[in-house]
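Given next are the chains, with one letter for each unit.
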Amino acid sequence: MVTKIWSSCMPKPSSSPNRVERHHFYLCQWQSSTQVGICYLLYRLIVAIVFLAMLVCSVLDIGRSEPMFEHHYAKWWIYLTHWALMACTVQAWLAAIIVTKGLMIDRNEFEWNIHVARESRLHSVYWIAYTIATVYSFIVTLVYWMFVYDSSKNRVDAVNLMVHVLNSIIMLIDLTIVGHPIKLNHAYWTTGIGVAYTLFSIVYYLAGGTDRHNDTNIYKMLDWTKPGKSIVICALGIFAVFLMHFLCYCLYCLRVWLYARVCVQGNNSKSSSNEKITSITRTLSSMEEAQRENFLNPTAVVDLKESRHDGRGPRQVASLR
């Protein structure tokens, strides 16, 4: 059903697996033009700059009010939150680069008139990073505020809000704007990141690593001194990642459905109405013109050819010549 909806509101993709639709990566879902828009490019640049600023603030603790411990900065990379933030920053800048290149190609009028572009490694890396960033932004926000946040250790400061709230807001907005799809078969990338982080946390614990507060476990619910409980939590977490991926896929389907109903059918009905109005206008104009010619034509003289009386009354026959 989703495939039919997508096909109805977008051009059909090329049969070659090495080619993708141009609008998937270069155009906004909601724009009617087939050219790369300046507004969409500005949006991509703003998002990229915002995520880069968030990354810098998080790494350098700009706006953080929590107390610092030994090797505080060196342990920044051990948190899943920061893995997701790096994915958000990477995908944002890749998107800005891709849209910029699309605009340059449009302006230089290369051979893109069929609106099809070869899928490069840049597109593939961006698509993977975008999917991971979208799914894990929502996962990080939900898990942090539901299970990780501890008012005695964590403070609601600027950095905390940026990496645990603002990231999800931006990715949710992005999910409603971009033109490329979310695919279910990309779930092996998002679940794969969950497996990779689980293995990393085990190795880090066995190596004697500590978190930024010098605790033996990175997260309080991921305590590998109790391996049975931690394995169950990791399994549930990976399953939750898959569910979130499916939810993102459903949001993508909703976006396409809304586009098909609001934009495509609206334009079609508007075009149909315009065609009907134009046809009626042309018909009325033709009739008025014919009447005008008959009334203004000096040769159009009424000739009473026959006038007779019978039992039914007088009869007149008139002709135009």
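Per an unreviewed UniProt entry, the recorded name for the protein chain is Protein rolling stone, and the organism is Anopheles merus.

Let's talk about a nonpolar patch on the surface
Judged by side-chain polarity, I49, L52, V56, V59, L60, I62 and W93 come together as a nonpolar surface patch covering roughly 570 Å² of accessible area. Considering every element that reaches the nonpolar patch, the biggest residue donor is helix α3 (residues 38-60), with five residues.

Re the side chain of H123
Inspection of the secondary structure puts H123 in helix α5 (residues 121-148). On the accessibility criterion, H123 (5% relative accessible area) is buried. A polar side-chain atom of H123 sits 3.1 Å from a polar atom in the side chain of Y26.

What to know about the nonpolar core
Judged by nonpolar contacts, the single largest core of 65 residues is most densely connected at F51, Y126, I218 and Y219. Elements with a minimum of two residues in this core: α2 (22-26), α3, α4 (80-108), α5, α6 (158-177), α7 (187-206) and α8 (227-296). Not counting residues up to four positions away in its chain, the partners in contact with F51 are L85, C88, T89, Q91, A92, N167, I170 and M171.

Focus: α3
Taking 1.5 Å as the rise per residue, α3 with 23 residues should run 33 Å; its terminal C-alpha atoms sit 33 Å apart, in good agreement. Listed in full, the buried residues belonging to α3 are Y40, L41, Y43, R44, V47, A48, F51, M54, L55, C57 and S58. Just beyond α3, the residue with positive phi is D61, at close to 60°.

Quick word on the environment of I218
Along the polypeptide, I218 turns up in the loop between α7 and α8. Judged by its relative accessible area of 10%, I218 falls in the buried class. Note: C-alpha distance between I218 and I78 (140 residues apart in sequence) is 7.5 Å. Once residues within four sequence positions are removed from consideration, I218 is found in contact with I78, Y79, Y197, F200, S201, Y204 and D211.

Structural notes on α6
Between its terminal C-alpha atoms α6 stretches 26 Å, which fits the 28 Å expected from 20 residues at 1.5 Å a residue. L166 marks the point of greatest bend in α6, at about 40°. For α6, the full list of buried residues reads V159, N160, M162, V163, H164, N167, S168, I170, M171, D174, L175 and I177.

Remarks on the UniProt feature "transmembrane region" (unreviewed entry) in the protein chain
The feature "transmembrane region" (unreviewed entry), as given by UniProt, occupies residues 41-63, 83-104, 125-147, 159-179, 186-207 and 230-252 in the numbering adopted here. Secondary structure content for residues 230-252 is 100% helix and 0% strand, while the C-alpha to C-alpha distance between its ends is 33 Å.

What to know about the packing of aromatic side chains
Under the counting rule described, the total for this entry stands at 18 aromatic pairs. A ring pair is formed by W77 and Y204, whose centres lie 6.4 Å apart and whose planes are at 85°; its orientation type is edge-to-face. Of the two residues, W77 sits in the loop between α3 and α4 while Y204 sits in helix α7, which places them 127 residues apart along the sequence. Given a relative accessible area of 41%, W77 falls into the partly exposed group. Y204 sits in the buried class, given a relative accessible area of 14%. Chaining the aromatic ring pairs together yields one cluster made of W77, W83, Y197, F200 and Y204.

Re the packing of α3 against α6
At their nearest, the axes of α3 and α6 sit 11 Å apart, and the two run at 160° to each other. Of the possible angle classes, the one that applies to α3 and α6 is roughly antiparallel. In this structure, α3 crosses over α6, and the sense of that crossing is left-handed. Counted together, Y40, Y43, R44, V47, V50, F51, M54, C57 and S58 of α3 and V159, M162, V163, L166, N167, I170, M171, I173, D174 and I177 of α6 form the full contact between these two elements.

Focus: the packing of α5 against α6
Contact geometry of α5 with α6 gives a least axis separation of 9 Å together with a crossing angle of 135°. Comparing their axes, α6 and α5 come out oblique. Like other packed secondary-structure pairs, α5 and α6 cross with a definite hand, here left-handed. The residues of α6 that touch α5, namely those facing Y130, A133, T134, S137, F138, V140, T141, Y144 and W145, are N160, L161, V163, H164, V165, N167, S168, M171, L172, D174 and L175. Looking at the contact of α5 with α6 residue by residue, the classes come out as twelve nonpolar, seven polar and one charged.

Details of empty space enclosed by the protein
If you walk through the whole model with that rule in mind, you get two cavities of 30 Å³ or more. Taken as a whole, the largest cavity holds about 60 Å³ of empty space. Lining the largest cavity are S201, Y204, Y205, G209, T216, N217, I218, L222, D223 and W224. A breakdown of the residues in the lining of the largest cavity according to their chemical character gives five nonpolar, four polar and one charged. Contributing to the lining of the second largest cavity are H24, F25, L27, Y40, R44, A95, V99, Y126, V178, G179 and H180. Its residues assigned to classes, the lining of the second largest cavity comprises seven nonpolar, three polar and one charged.

About the criteria used
Residues numbered from 1 in each chain as written. Predicted model: local features only at pLDDT ≥ 70, side-chain atom pairs only at ≥ 80, totals over all residues. Heavy atoms only, no water. Patch = residues over 30% accessible without salt bridge, like charges linked within 9 Å, V, L, I, M, F, W, Y side chains within 5 Å. Areas by Shrake-Rupley, 256 points an atom, 1.4 Å probe, with all protein chains shown as cover. Salt bridge = Lys/Arg side-chain N within 4 Å of Asp/Glu carboxyl O. Helix = DSSP H or I, 4+ residues; strand = E, 2+ residues; numbered from the N terminus. Buried < 20%, exposed > 50% of the residue type's maximum accessible area, 1.4 Å probe, protein only. Polar contact = N/O pair within 3.5 Å; in protein donor to acceptor, adjacent residues only side chain to side chain. Core = buried A, V, L, I, M, F, W, Y, C linked by side-chain atoms within 4.5 Å. Contact = heavy atoms within 4.5 Å. Expected span 1.5 Å × (residues − 1). Bend = angle between axes of the 7 residues up to and from the residue. UniProt positions renumbered as here; feature names shortened; annotations may be inferred. Phe/Tyr/Trp six-rings, centres within 6.5 Å; stacked < 30°, edge-to-face > 60°. Axes fitted to C-alpha atoms, helices over the stretch in contact; angles between N-to-C directions. Parallel < 35°, antiparallel > 145°, perpendicular 65-115°, else oblique. Left-handed = near helix turned anticlockwise from the far one by under 90°. Nonpolar A, V, L, I, M, F, W, Y, C, P; charged D, E, K, R; others polar. 1 Å grid on protein atoms, 1.4 Å probe; cavity = no way out; pocket = protein on both sides within 12 Å on 5 of 7 lines; lining within 4 Å. Points joined across faces, edges and corners; volume = space filled by probe spheres on them.

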